[in-house]
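Chain residues, written in single-letter form:
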Amino acid sequence: MVELFWKLLKMTLSNFKHTVFDLLKKNSQVLAFVRIPNAANTNYYFFLKSMKDVESLLNNSNPSDSITIFKSIDILDSGIITEAFIKTILTTTSNYSFDPELVVTTHYNHELQKEDAEHEYAESTNQLKEVLTKLMGIYITLIKEPDFLDDENTFHIYVPDKNGISKPGHSY
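Residues numbered from 1 in each chain as written. Predicted model: local features only at pLDDT ≥ 70, side-chain atom pairs only at ≥ 80, totals over all residues. Heavy atoms only, no water.

Engineer: Talk me through the nonpolar core; I want residue IDs and the actual numbers.
Structural biologist: The biggest cluster of nonpolar side chains holds 19 residues, and the ones touching the most others in it are F16, V20, V30, F46, L48, I67 and I69. Elements with a minimum of two residues in this core: helix 2 (13-26), strand 1 (30-35), strand 2 (43-48), helix 3 (51-60), strand 3 (66-70) and strand 8 (154-158). Here this core takes 4 residues from helix 2, the largest share from any one element. Not counting residues up to four positions away in its chain, the partners in contact with I67 are F16, F33, V34, L57, L58, S61, F155, H156, I157 and V159. Counting residues in each nonpolar core, the second largest holds 13 residues, with L90, V131, L135 and L142 among its members. (Core = buried A, V, L, I, M, F, W, Y, C linked by side-chain atoms within 4.5 Å. Buried < 20%, exposed > 50% of the residue type's maximum accessible area, 1.4 Å probe, protein only. Helix = DSSP H or I, 4+ residues; strand = E, 2+ residues; numbered from the N terminus. Contact = heavy atoms within 4.5 Å.)

Pasting the structure below:
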């Protein structure tokens, strides 16, 4: 945990943007996890698809919001939810030991505020079926729940205030 703290302090806004841009060059999207301090554990998962998304996210975030970017994720499937899609997913998930999974339903864009982002958790095949049925007709990406504290697979920034000061003493 101490290593993570120092890693967070070393990540500048410029380094953060550059690192996300490099990831976007390699991938069509990156998964972001945003935690809002002092807001009853409010958090959001969504995909960023462009640098415009990244700039908008940073511009619309409050100082000390914590943004985690995942270098890689395990995508199980994605697409528009139909009865056939649900059947395929449930057949696939019944073939392995079920891990908690995350259903991400949105991609961040300049018109979307992070508060509009939707994600759902499923901790069993029954719960996954309920979530997918509820989201019928919506495009989703189903992933294994990533570990936002995995130093090897993530990088983080606390959004700086107007003076460029980030985190310590301002949240959590």
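Engineer: Help me get a handle on the pattern of salt bridges, residues and values and all.
Structural biologist: Enumeration over the complete set of coordinates arrives at 2 salt bridges. Of the charged contacts in the structure, one is a salt bridge between E55 and K17, with a shortest N-O distance of 3.3 Å. Highlighted residues: E55 in helix 3 and K17 in helix 2, separated in sequence by 38 residues. The exposure class assigned to E55 is partly exposed, which follows from its relative accessible area of 30%. Judged by its relative accessible area of 23%, K17 falls in the partly exposed class. For K25, the salt bridge is made with D22, and the minimal N-O distance between the two is 3.9 Å. Here K25 and its partner D22 are both found in helix 2, 3 residues apart, which amounts to about one turn of the helix. (Salt bridge = Lys/Arg side-chain N within 4 Å of Asp/Glu carboxyl O.)

Engineer: Kindly report on the packing of helix 4 (residues 83-93) against helix 5 (residues 125-134), identifying the contributing residues and their values.
Structural biologist: Between helix 4 and helix 5, whose axes approach to 11 Å, the crossing angle comes to 165°. Judged by the angle between their axes, helix 4 and helix 5 are roughly antiparallel. As helix 4 packs across helix 5, the resulting crossing turns out to be right-handed. In this structure, helix 4 contributes I86, I89, L90 and T93 to the contact, and helix 5 contributes T125, L128, K129, L132 and T133. Here the residues of the contact of helix 4 with helix 5 sort into 5 nonpolar, 3 polar and 1 charged. (Axes fitted to C-alpha atoms, helices over the stretch in contact; angles between N-to-C directions. Parallel < 35°, antiparallel > 145°, perpendicular 65-115°, else oblique. Left-handed = near helix turned anticlockwise from the far one by under 90°. Nonpolar A, V, L, I, M, F, W, Y, C, P; charged D, E, K, R; others polar.)

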